[in-house]
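Listed below are the residues making up each chain.
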Amino acid sequence: MSNNDKMKIGIMGGTFDPIHYGHLAMAEEVRLKFKLDRIIFIPSGNPPHKTEQNIADKRHRYMMTLLATETNEFFEVSRDEIDRQGYTYTIDTIRNLKQQSKGRDNIYFITGADNVNQILKWKEAEQLLKSCKFIMTTRPGFTYDEIVKGVQYLEENYDSKINLIEVPSFAISSTDIRQRVKNNISIKYLLPETVEKYIYKHKLYTHGG
């Protein structure tokens, strides 16, 4: 199978606590610009960097991601990390997906450009950078020159391929949504209505940040 015949699959991981329109708009923009065949959302199971934070149960985060993506035929949600025991790491997720695809897919890992200076701290970072292509999306708070410099360093020193893309920015954050729920402030129009109803039905975020 030639490289041109392979499916182009975008992987978008995150805690999605909760998922919101910012996540969805970013994924759709990446899908269109890179002509991806589909994007797989992977809610994190037990992320090692969130151990001190009180995050919603992974089953709730998975269900909210399902609800948020159900109207886009090019989006799907994977249980890969929430069904895994122990801490969940990106390198293990990518290995699982590559094993499942048996070389039939080109995998693109989508992440925010704020990770450009953090990725070398991830588990088996050097192997991860070689294992798939990366798409880094710009976010507020980072100068473009700073991001480009970080991308160039990774490509030159770690034999990696990193694509940089500007996406529409939304002043929406999961942290703000959680605080709004806790303080009984409306979250309407910040996330899909199905997710909003799920949050209230299951009384998520009413205690804690």
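A brief structural summary. Remember, it's a predicted structure, so these values are computed and weren't measured experimentally.

**Describing the overall build of the protein**
Link 1 in the chain: Helix and strand counts for the protein stand at seven helices and six strands.
Link 2 in the chain: Ordering the α and β elements of the protein from the N terminus gives β-α-β-α-β-α-β-α-β-α-β-α-α.
Link 3 in the chain: Its C-alpha atoms give the protein a radius of gyration of 17 Å, within 12% of the compact-globule value 17 Å for 209 residues.
Link 4 in the chain: In terms of overall dimensions, the protein has C-alpha extents of about 50 × 35 × 35 Å along its principal axes.
Link 5 in the chain: Taken across its 209 residues, the protein has 46% of its residues classed as buried.

**Some points on the packing of aromatic side chains**
Link 1 in the chain: Considering all chains together, one arrives at five aromatic pairs under this definition.
Link 2 in the chain: Seen in terms of ring centroids, Phe41 and Phe75 are 5.0 Å apart; in terms of plane orientation they differ by 65°. Their pairing is edge-to-face. Of this pair, Phe41 sits in strand β2 (residues 38-43) while Phe75 sits in strand β3 (residues 75-77), placing them 34 residues apart in sequence.
Link 3 in the chain: Under the relative-accessibility criterion, Phe75 is labelled buried at 10%.
Link 4 in the chain: Seen in terms of ring centroids, Phe109 and Trp122 are 6.3 Å apart; in terms of plane orientation they differ by 85°. Their pairing is edge-to-face.

**Focus: helix α1 (residues 21-33)**
Link 1 in the chain: Between its first and last C-alpha atoms α1 spans 18 Å; for 13 residues at 1.5 Å apiece the expected length is 18 Å, and the two agree.
Link 2 in the chain: For α1, the full list of buried residues reads Gly22, His23, Leu24, Met26, Ala27, Val30 and Arg31.
Link 3 in the chain: Directly after α1, the chain includes Lys35, whose backbone phi takes a positive value near 50°.

**Examining the sheet that holds strand β6 (residues 162-165)**
Link 1 in the chain: Judged by pairing direction, the sheet is parallel, and its six strands sit side by side in the order β3-β2-β1-β4-β5-β6 without closing on themselves. Two strands lie at the open edges of the sheet, namely β3 and β6, each paired on one side alone. Each adjacent strand pair in this sheet contributes to an overall mean axis angle of 25°, direction not counted.
Link 2 in the chain: Packed on one face of the sheet, helix α5 (residues 144-158) meets β5 (133-137) and β6 and runs near 170° to β6.

**Comments concerning the pairing of strand β1 (residues 7-14)**
Link 1 in the chain: With six bridges connecting them, β1 and strand β4 (residues 105-112) associate as parallel partners. Bridge pairing in β4 places Lys8 opposite Asn106.
Link 2 in the chain: Pairing of β1 with β2 involves six bridges; the strand directions are parallel. Counterpart to Gly10 in the pairing with β2 is Ile39.

**Overview of unusual backbone geometry**
Link 1 in the chain: Backbone torsion omega between Asp17 and Pro18 reads 0°, so that peptide bond is classified as cis.
Link 2 in the chain: With respect to the element layout, Pro18 can be found in the loop between β1 and α1.
Link 3 in the chain: Even without glycine at this site, Lys35 takes up a positive phi of about 50°.
Link 4 in the chain: Looking at where Lys35 falls in the secondary structure, it is placed in the loop between α1 and β2.

**Points about helix α3 (residues 90-101)**
Link 1 in the chain: Helix length check: α3, at 12 residues, gives a terminal C-alpha distance of 17 Å against a target of 16 Å (1.5 Å per residue), a fit within 8%.
Link 2 in the chain: Taken residue by residue, α3 has Ile91, Asp92, Thr93, Ile94, Leu97 and Ser101 as its buried positions.
Link 3 in the chain: Check the buried side of α3 and you find it contacts β1, β2, β4 and α4 (125-131).
Link 4 in the chain: Following α3 by one or two positions, Lys102 has its phi on the positive side, about 55°.

**Considerations on the environment of Gly10**
Link 1 in the chain: Here Gly10 lies in strand β1.
Link 2 in the chain: Expressed as a C-alpha distance, the spacing of Gly10 and Asp105, which sit 95 residues apart in the sequence, is 9.9 Å.
Link 3 in the chain: Leave out the neighbours within four places in its chain, and Gly10 touches Leu36, Arg38, Ile39, Ile40, Tyr108 and Ile110.

**Examining the environment of Leu120**
Link 1 in the chain: Secondary-structure assignment places Leu120 in the loop between β4 and α4.
Link 2 in the chain: Not counting residues up to four positions away in its chain, the partners in contact with Leu120 are Ala125, Leu129, Tyr153, Leu154 and Tyr158.

Parameters and conventions
Residues numbered from 1 in each chain as written. Predicted model: local features only at pLDDT ≥ 70, side-chain atom pairs only at ≥ 80, totals over all residues. Heavy atoms only, no water. Helix = DSSP H or I, 4+ residues; strand = E, 2+ residues; numbered from the N terminus. Rg over C-alpha atoms; globule rule 2.2 N^0.38 Å. Buried < 20%, exposed > 50% of the residue type's maximum accessible area, 1.4 Å probe, protein only. Phe/Tyr/Trp six-rings, centres within 6.5 Å; stacked < 30°, edge-to-face > 60°. Expected span 1.5 Å × (residues − 1). Pairing = 2+ DSSP bridges. Axes fitted to C-alpha atoms, helices over the stretch in contact; angles between N-to-C directions. Contact = heavy atoms within 4.5 Å.

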